[in-house]
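# Observations on the three-dimensional arrangement
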Amino acid sequence: MEPLKTIGRTAPSPPRDEPVVHLKPPVDPATLTYRQLRDGPFWQRIPAYRAIDEATFLDHGWQARNSITSPQKLLAALQDLVPASFHDDVAQGFARAPMAIRVSPYLLSLIDWDDPYGDPLRRQFVPVASRLLPDHPKLTLDSLHEQADAPVPGLTHRYPDKALFLALDTCPVYCRFCTRSYAVGVDTDEVEKVSLKATEDRWARAFRYIGERPELEDIVVSGGDSYQLKARQLSLIGDTLLDIDHIRRIRFATKGPAVMPMKLLTDDEWVDALTRVVEKGRRLHKEVVLHTHFNHPDEITAITRRGLDRLHERGVIVRNQAVLQRGVNDTIDTMQTLVKRLGYCNVQPYYVYVHDLVKGVEDLRTTVQTAVDLEKAVRGVTAGFQTPTFVCDAPGGGGKRVVHSFEHYDRDTGVSVWTAPSVKPGFFLYFDPIDTLAPAYQARWAVPAEQDEMIAQAIAAARAQMAATAHASSVRR
Ligand SMILES: *Cc1c(COP(=O)(O)O)cnc(C)c1O
Ligand code: SF4
């Protein structure tokens, strides 16, 4: 205690009436918009929810039962809020979508139906035929090779010490842009899914594999979505993994807080099960956290904040993995607001992914350059540990690579070349959306021989670049 007192006595303290000097211009608190969370009965704007009171709207069971899964249900909910032409566009969009459609009443209520084409949430969850673009010719259904790297169905072991466990194949909502559209959701007219039902036999095989791999320390429990796990199942997975000696870290991945935050307030059984696993982990000196998936600041409301506060009070760490999407979060202002709002709600922004090469959502992808530019704009606005890493999940199984780390990037052809020396040998390619390229390059992508030529050139340029810069590095391969 003594030294502290001494410091207190010697520190110069300004006289009380002397004004504090401000070096920075004043900030009007009203401009700190990331702190202004939507509140009140906003859902009552939707014709079908006009008479829905707060207690009903916050009931996660009501949200699940009333989720929109067809154009007819959407029409029934919105009624005359949008013109008939929009409904036709949606009906055709549903018919052409590779992903099943499921939208919670919560999400539906957050969409600005005065501007349904421009709204960032509508773009993510409700397909409209008139805005679809043809897929990139180099796109394959499982572009990340999750199945090729799966020793057991639904368990992808790509990286040395961590594995991805797809516990089940359903979600509280379905996102148009889902990377796992090869497996997640019910079959659609466009895609027949790989089956990853939540059967405990399949889980037992995955657990056995994990137990037999002492190098594995970190398991991502995903899907599908951990929100869909029954409390009993969540406990079973958590307990089983924690009981494996070499497992040190578990992340439960769920989009839930972003699309149905009320479950955190009203599904006590699920929240208690999660808390118990987190606490058991802590007693074993292991980390159990929640990874969620907010993409736009509009997805974070006062309800979300209350749900996240509840997790925070229980010591549950929450991190966020966002997907960069055109017209959704590809502006500096939106991304900065998202990052700041997440921080304000005690969520750590972990990753922003360049949109994977996924079927039927070419309109949502951006260029790699967009990610590079956003990263520069976001870094510096808040604490470094609250700053997401912008990554490109290299198609072909190279894993996540920092967007600035491409070996070569031809902005004209849109081809970027990546390597992943600690994951997998070889070159990995990402392709910018063709409609963003100059007309001459769009024309080249229409010709298969030209496609091969552009790719071969990009790989040759990457090789040359790596050879030319090797002398500057003391790392020897
Ligand atoms: C993303 C991912 C992980 C986890 O990677 P982190 O970079 O640690 O978040 C693990 N396995 C697979 C297959 C993945 O795609
Ligand atoms: S919640 Fe996740 S797994 Fe489910 S559809 Fe959306 S992105 Fe895919």
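One structure accompanies this document, and this report is about it.

Cut-offs and rules
Residues numbered from 1 in each chain as written. Chains lettered and ligands numbered in written order. Predicted model: local features only at pLDDT ≥ 70, side-chain atom pairs only at ≥ 80, totals over all residues. Heavy atoms only, no water. Helix = DSSP H or I, 4+ residues; strand = E, 2+ residues; numbered from the N terminus. Expected span 1.5 Å × (residues − 1). Buried < 20%, exposed > 50% of the residue type's maximum accessible area, 1.4 Å probe, protein only. Arc of directions from axis to C-beta. Contact = heavy atoms within 4.5 Å. Near = heavy atom within 4 Å. Nonpolar A, V, L, I, M, F, W, Y, C, P; charged D, E, K, R; others polar. Pairing = 2+ DSSP bridges. Polar contact = N/O pair within 3.5 Å; in protein donor to acceptor, adjacent residues only side chain to side chain. Areas by Shrake-Rupley, 256 points an atom, 1.4 Å probe, with all protein chains shown as cover. 1 Å grid on protein atoms, 1.4 Å probe; cavity = no way out; pocket = protein on both sides within 12 Å on 5 of 7 lines; lining within 4 Å. Sits in = over half its atoms within 2 Å of the grid points. Disulfide = S-S within 2.5 Å.

### Remarks on helix 8 (residues 200-211)
- Counted at 1.5 Å a residue, the expected span for helix 8 with its twelve residues is 16 Å, and the 16 Å between its end C-alpha atoms agrees.
- Here helix 8 has its buried residues at Arg202, Trp203, Ala206, Phe207, Tyr209 and Ile210. Taken around the axis of helix 8, the buried residues stretch over an arc of 160°, which confines them to a single face. Across helix 8 from its buried face, at more than 90 degrees, point the exposed residues Asp201 and Arg208.
- In this fold, the buried residues of helix 8 make contact with strand 1 (155-156), strand 2 (162-166), strand 3 (218-222) and helix 9 (231-243).

### With respect to the site of ligand 2
- Around ligand 2, the structure places Met99, Cys171, Tyr174, Cys175, Cys178, Val184, Gly224, Asp225, Lys255 and His293.
- When the residues that make up the shell around ligand 2 are grouped by side-chain class, the tally is six nonpolar, two polar and two charged.

### Topic: the sheet that holds strand 8 (residues 389-394)
- With mixed pairing, nine strands are arranged side by side in an open sheet as 1-2-3-4-5-6-7-8-9. Looking at strand neighbours, the two that pair on one side only are strand 1 and strand 9 (399-402), the edges of this open sheet.
- One ladder, built from seven bridges, connects strand 6 (residues 318-324) with strand 7 (residues 347-354); its direction is parallel. Among the inter-strand pairings, Val318 is bridged to a residue of strand 7, identified as Val347.

### A word on the site of ligand 1
- Within the structure, ligand 1 sits among Thr156, Arg158, Tyr159, Lys162, Leu164, Val220, Arg251, Tyr350, Tyr351 and Lys400.
- Here an oxygen atom of ligand 1 sits 2.8 Å away from a polar atom, N or O, in the side chain of Lys162.
- Contact with the protein chains removes 92% of the 380 Å² of surface that ligand 1 exposes when unbound.
- Because more than half of its atoms lie within 2 Å of the grid, ligand 1 is assigned to the largest pocket.
- Broken down by secondary-structure element, the contributors of at least two residues to the shell around ligand 1 are strand 2 and strand 7.

### Description of the state of the cysteines
- Taken as a whole and assessed by the stated rule, the structure comprises zero disulfides.
- Here Cys345 is not disulfide-linked; the sulfur of Cys175 is the nearest cysteine sulfur, at 19 Å.
- The class of Cys345 is buried, set by a relative accessible area of 1%.
- Free cysteine: Cys392, not disulfide-bonded; nearest cysteine sulfur from Cys178 at 17 Å.

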